[in-house]
Amino acid sequence: MNKTEIYILSGFLGSGKTTLLKQLLTEEKKQNRKVAVMMNELGKVSIDSDAVDEDIPLKELLDGCICCTIQDKLESQLQGLLVIDKPDAIYIEATGAAHPVEVLDAVMSPLFADRIEVKGIISVVDGKRWLNRHSLSPQVQQLLIEQIRHADLILLNKTDELTDGEQSKLTMEIQALNSHAFSILTTFAKVPMQQIKRLSSSIKTDRAQAHVSTDLKLSTYVYQFKQAIGQMEFESFLRKLPDTIYRIKGYVKFHSAEFPSLFQYSYGMPLYMKENMNMPLNMVFIGENIDWKQVEEELHALEAR
Ligand SMILES: Nc1nc2c(ncn2[C@@H]2O[C@H](COP(=O)(O)OP(=O)(O)OP(=O)(O)O)[C@@H](O)[C@H]2O)c(=O)[nH]1
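Source: prediction; values computed, not measured.

### Some details on the overall build of the protein chain
Within the protein chain one finds nine helices and twelve strands. For the protein chain, the share of sequence-separated contacts (at least 6 apart) that also reach a separation of at least 24 residues comes to 72%. Working note: accessible area of the protein chain is about 14,000 Å², and carbon and sulfur atoms make up 52% of it.

Rendered as structure tokens:
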């Protein structure tokens, strides 16, 4: 089964995400690919949905931010798209106020993590706003930095509003924050489609890819338990995890239990909820600078006991 590619469009309010989305959809259409769009606007009325042609499945997540209030809805809509529309790719435009870790978290449901491939986070930066960022609140400045730090491809947009000197300054500052991502100067978010297609799963969603190397940035990893494990051993595994594992969620079955538990872990706090039926024993991890191979070995060891 081909996995559905997921592209996350991130970037601050007004930076050019919808402008980018429109172009990507035009390019995908030319290549006869089946795509779907999920948009998340803060506030009840969607302003941008007319950017998307009627024949493209569009799910709008209104009145709340992907990262906080409407995770469950996102999960069910994403599942609906995967089951009914079965697109080649889904483009997710997050609100400008969303933190990339939280968007990834919302997308990576243990129910279908093995059916999607998160190709990457594309962050759009408004050049002028970045250079004048010191006039923004510290929280907003920090968010702009996080959106850049976690990106896999960065569009330094609105270059028509910048002098050559400002463009160089912008490029240097952004590359200093994130040297792993390719950054490209754009006007009206015009980016060659090859750049998008080159985003070859730098974010891991596939077991096998965990063998490549340590990920020097934000990445995800999915483990599938084959059998029940011991709860004490699992908790001791959790205690030893690096604190750059921001989030774990999924289903785990303990030796004594009839059914699996839903397990949630964020910033070091574990939480279990008993299920009353069998669930896929997938566990999703989101972290930064993590050697997933080592995590995988430890999980294997839990199953071997
Ligand atoms: N001058 C200039 N304007 C641009 C450029 N790219 C986008 N814009 C304009 O900037 C405005 C915001 O662009 P959008 O694509 O709607 O930005 P967005 O990030 O989707 O905005 P939100 O949905 O509010 O978060 C629009 O009026 C665009 O036409 C650019 O390169 N140069």
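### Brief notes about helix α8 (residues 231–239)
Among the residues of α8, those classed as buried are F234, F237 and L238. Taken down its axis, α8 places every buried residue within 100 degrees of arc, on the same side. The exposed residues of α8 that point more than 90 degrees off its buried face are M232 and R239. Taken together, the buried residues of α8 touch β9 (245–252), β10 (261–266), β11 (269–274), β12 (282–290) and α9 (292–304).

### Some remarks on the pattern of salt bridges
Oppositely charged side chains may form a pair once their charged atoms are brought near each other. Under the criterion given, the structure shown has 13 salt bridges. Salt-bridge contacts for D126 lead to K158; the nearest nitrogen and oxygen are separated by 3.4 Å. Taken as a pair, D126 in strand β5 (residues 116–126) and K158 in the loop between β6 (153–157) and α6 (164–177) lie far apart in primary sequence, 32 residues in all. Classification of K158 by relative accessible area gives partly exposed; the value is 22%.

### Quick notes on the domain arrangement of the protein chain
Domain parsing of the protein chain yields domain 1 (4–197) and domain 2 (208–304). Contact with domain 1, which involves 17 residues of that partner, is made by 18 residues of domain 2. Summing both partners gives a buried area of about 1,500 Å² for domain 1 against domain 2, and 62% of it is carried by carbon and sulfur. Three residues stand out in domain 1 for area buried against domain 2, namely D105, M108 and P110, and they jointly supply 35% of the buried area on that side. Across the pair D105 and R247 runs a salt bridge whose closest N-O atoms are separated by 2.4 Å. Our enumeration of links across domain 1 and domain 2 arrives at five residue pairs in polar contact (both at pLDDT 80 or more). Counting only elements with at least two residues in the side of domain 1 that touches domain 2, the list comes to α3 (100–107) and β5. Element by element, the count of residues in the side of domain 1 that touches domain 2 is highest for α3, at four residues. A class-by-class count of the residues in the side of domain 1 that touches domain 2 yields eight nonpolar, four polar and five charged.

### A few points about the site of the ligand
The local shell around the ligand holds 16 residues, among which K17, T18, T19, D160 and F188 are the closest. Looking at the shell around the ligand element by element, the count peaks at three residues for helix α1 (residues 17–30). When grouped by side-chain class, the residues that make up the shell around the ligand number three nonpolar, seven polar and six charged.

### Quick word on empty space enclosed by the protein
Scanning the entire structure with this criterion turns up one cavity of 30 Å³ or more. Of the voids in this model, the largest cavity is the one considered here, and its volume is about 80 Å³. What lines the largest cavity is G11, F12, S15, V124, V125, D126, R129, W130, L144, Q147 and I148. For the lining of the largest cavity, the per-class residue count stands at six nonpolar, three polar and two charged.

About the cut-offs
Residues numbered from 1 in each chain as written. Predicted model: local features only at pLDDT ≥ 70, side-chain atom pairs only at ≥ 80, totals over all residues. Heavy atoms only, no water. Helix = DSSP H or I, 4+ residues; strand = E, 2+ residues; numbered from the N terminus. Contact = heavy atoms within 4.5 Å. Areas by Shrake-Rupley, 256 points an atom, 1.4 Å probe, with all protein chains shown as cover. Buried < 20%, exposed > 50% of the residue type's maximum accessible area, 1.4 Å probe, protein only. Arc of directions from axis to C-beta. Salt bridge = Lys/Arg side-chain N within 4 Å of Asp/Glu carboxyl O. Domains from an automatic or database assignment. Buried area = accessible area lost by both parts, 1.4 Å probe. Polar contact = N/O pair within 3.5 Å; in protein donor to acceptor, adjacent residues only side chain to side chain. Nonpolar A, V, L, I, M, F, W, Y, C, P; charged D, E, K, R; others polar. Near = heavy atom within 4 Å. 1 Å grid on protein atoms, 1.4 Å probe; cavity = no way out; pocket = protein on both sides within 12 Å on 5 of 7 lines; lining within 4 Å. Points joined across faces, edges and corners; volume = space filled by probe spheres on them.

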